[in-house]
Amino acid sequence: MDEKGINVGLEYDNACYEDNSMWFVERNNNILCLLDRKKKQVIYRGIIPYHDNKAYRRHPRCIKWKNYIVCLPDLGKSIVVYNMENDSFKECPIDAASHIRLGIYSFWEREGTIWCVSSGMNRIIEFNLEQCQIMGYYSIFMSDVDIVGVDACMSETTIICTSLTSRRLAFFDINTKTCRYFEAESEEPGYNSISVCGTKICMSGFSNHIYFFDLDDNKVHSIELDKRKFHIYDNHNVEILGFSKNPIFRKSFCTKNFIVFMPWHMSDSVADSIVVCFWRDEKIEFYNIFTDICKNSLTYKGQYLSTMRFINENITEIYLDGESLCYLNVEDGNVWKETEAIEKIEYDKIFLDKNLIFREVLRDDLKEYIYAVSKIN
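Calculation notes
Residues numbered from 1 in each chain as written. Predicted model: local features only at pLDDT ≥ 70, side-chain atom pairs only at ≥ 80, totals over all residues. Heavy atoms only, no water. Helix = DSSP H or I, 4+ residues; strand = E, 2+ residues; numbered from the N terminus. Buried < 20%, exposed > 50% of the residue type's maximum accessible area, 1.4 Å probe, protein only. Contact = heavy atoms within 4.5 Å. Areas by Shrake-Rupley, 256 points an atom, 1.4 Å probe, with all protein chains shown as cover. Pairing = 2+ DSSP bridges. Core = buried A, V, L, I, M, F, W, Y, C linked by side-chain atoms within 4.5 Å. Phe/Tyr/Trp six-rings, centres within 6.5 Å; stacked < 30°, edge-to-face > 60°. Lys NZ or Arg CZ within 6 Å of the ring centre and 35° of its normal. Salt bridge = Lys/Arg side-chain N within 4 Å of Asp/Glu carboxyl O. Axes fitted to C-alpha atoms, helices over the stretch in contact; angles between N-to-C directions. 1 Å grid on protein atoms, 1.4 Å probe; cavity = no way out; pocket = protein on both sides within 12 Å on 5 of 7 lines; lining within 4 Å. Points joined across faces, edges and corners; volume = space filled by probe spheres on them. Nonpolar A, V, L, I, M, F, W, Y, C, P; charged D, E, K, R; others polar.

Enquirer: Help me get a handle on the overall build of the protein, residues and values and all.
Expert: For the protein, the count of helices and strands is 1 helix and 33 strands. Among the 377 residues that make up the protein, the fraction classed as buried is 56%. Summarising the internal contacts of the protein: among those between residues at least 6 apart in sequence, 45% fall at separations of at least 24. Summed over all atoms, the accessible surface of the protein reaches about 17200 Å², with 46% contributed by carbon and sulfur.

And the structure:
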């Protein structure tokens, strides 16, 4: 394993890729950024508009469409569209109560429309990109008992959502804009992560089990994760053997061959491995990239393994929150960091003229240029 890696000190929740570039929102200060990985340069495009004194995670996720970057809210109250041609932002308010955390974590672009799952609103939001306008809000679960899970998936024209508080799954058709429901029976109090391949749905909840729900026969079967290889700990570093207070996996990503389950690191439940399940034979593999890469699996500070993308059918690129980019080959189990270290990131000087301060930080004996961005009064 190569000990070098990208240690850029940038904290983001997702990214959209374009050749050697990567668009992302620096989540602490709500700044839209473009990282040129070839030139090792971060270019700041601007502060995404928000309307209170707290920038943290206002619009931490983005998606690119034509010459626009669409920034989606978590703690924010609007969808904000950045126009790359004239370097401007346009804000589209979301009709929601002020106390609701919108929590848009899953979204897809289809034929000029972004479909967003808002876990806080229990709604699917239809956003037209050409008109830069919200076209509709659609209820996911009709019962107040159901709390929408953080994860969701899309298969063709259907968005599938989980409930954290029941075993109900919601299937929303973007053409008819209607929902139908299935009950995936198990002992779990609810589900969070979900992936789909054909008629087979793979889910996880609050225990060390992975569930397979076949739509053809409406039957559920489960696989218990090997307790010798996969562990869940509470905030006292004591292993949790039953149901956790929080979902075990935040999100899952799938290809035609396998699913990758990304653990959700909360203060009172920390899993120690990434889990890979193969569709064909439901074989399970465990990869403890926290000890392999970070050397500190139980003290790993990141709440999220923020971004993951598939390089090819076997290799995944994973961003460890605030740590580094690493790669996992599920075929041979090899884990490594990117070979070329980025020890110094060049920052766009324009932002210095806009009253932004940059702070040099030392971490793990490696000099990194992390921006602590703040306004000068």
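Enquirer: If you had to explain the pairing of strand β19 (residues 209-214) to someone new, which residues and values would you point to?
Expert: For β19, the tally of buried residues reaches 5 of 6 residues, placing the bulk of the element in the interior. The turn linking strand β18 (residues 200-204) back onto β19 is made up of 4 residues. As defined by bridge partners, β19 adjoins strand β20 (residues 219-224) across 6 bridges and the pair is classed as antiparallel. Bridge pairing links F213 to V220 in β20. Hairpin connection between β19 and β20: a loop of 4 residues separates the two successive antiparallel strands, and N218 in this loop has a positive phi of roughly 60°.

Enquirer: Lay out the nonpolar core with the relevant residues and their values.
Expert: V70, I79, I94, I114 and F127 are the most contacted members of the largest nonpolar core, which totals 19 residues. Contact partners of V70, with chain neighbours within four places excluded, come to R61, C62, I63, I79, V80, V81, I114, F127 and L129.

Enquirer: Break down the environment of K90 for me, with residues and values.
Expert: Among the secondary structure elements, K90 is positioned in strand β8 (residues 88-93). K90 gets classed as partly exposed once you look at its relative accessible area, which sits at 46%. When the C-alpha atoms of K90 and V70 are compared, they prove to be 9.6 Å apart, with 20 residues separating the residues in sequence. Setting aside chain neighbours within four positions, we find K90 in contact with I79, V80, V81 and C132.

Enquirer: Tell me about the packing of aromatic side chains, residues and numbers included.
Expert: Applying the stated criterion across every chain yields a total of 12 aromatic pairs. Aromatic pair Y82 and F89: ring centres 5.0 Å apart, planes at 45°, arrangement tilted. Chaining the aromatic ring pairs together yields one cluster made of W23, Y82 and F89. Over the ring of F253 we find K251; its NZ or CZ atom is 6.0 Å from the centre of that ring.

Enquirer: Kindly report on the side chain of D146, identifying the contributing residues and their values.
Expert: Relative to the helices and strands, D146 is located in the loop between β12 (133-139) and β13 (148-155). Given a relative accessible area of 6%, D146 falls into the buried group.

Enquirer: Let's hear about the pattern of salt bridges: which residues, and what values?
Expert: The tally for this structure, following the rule as stated, stands at 13 salt bridges. In this structure, the salt-bridge partner of R57 is D13, at a minimum N-O distance of 2.6 Å. Of this pair, R57 sits in the loop between β4 (41-47) and β5 (61-65) while D13 is found in the segment before β1 (15-18), placing the two residues 44 residues apart along the sequence. When the shortest N-O distance is used, the salt bridge between D146 and R168 registers 2.5 Å. Taken together, the positions of D146 in the loop between β12 and β13 and R168 in strand β15 (residues 168-173) put the pair 22 residues apart, joining distant regions of the chain. Exposure remark for R168: the relative accessible area of 26% places this residue in the partly exposed category.

Enquirer: Break down the sheet that holds β12 for me, with residues and values.
Expert: Note on sheets: strands pair through backbone hydrogen bonds, and any given pair is parallel or antiparallel. The 4 strands are arranged β9-β10-β11-β12 in an open sheet whose pairing can be described as antiparallel. The open sheet has two edge strands, β9 (104-110) and β12, and neither has a second partner. Ignoring strand direction, the axes of neighbouring strands in this sheet form an average angle of 20°. The sheet contact formed by strand β11 (residues 123-128) and β12 spans 6 bridges and is antiparallel. Within β12, the residue paired with R123 across the bridge is S139.

Enquirer: Explain the pairing of β15 to me, and be specific about the residues and the numbers.
Expert: Two strands pair when backbone bridges link them, and strand β14 (residues 158-163) and β15 are joined in this way by 5 bridges, in the antiparallel orientation. Bridged to I160 within β15 is F171. Hairpin connection of β14 to β15: 4 residues between the antiparallel strands. With 6 bridges joining them, β15 and strand β16 (residues 178-183) adopt antiparallel strand pairing. The residue bridging A170 from the neighbouring strand is Y181, located in β16.

Enquirer: Which residues make up empty space enclosed by the protein, and what are the values?
Expert: One way to see where empty space is left: roll a probe the size of a water molecule over the atoms. Counting across every chain of the model gives 2 cavities of 30 Å³ or more. Within this model, the largest cavity holds a volume of roughly 70 Å³. Residues of the lining of the largest cavity, tallied by class, amount to 4 nonpolar, 3 polar and 2 charged.

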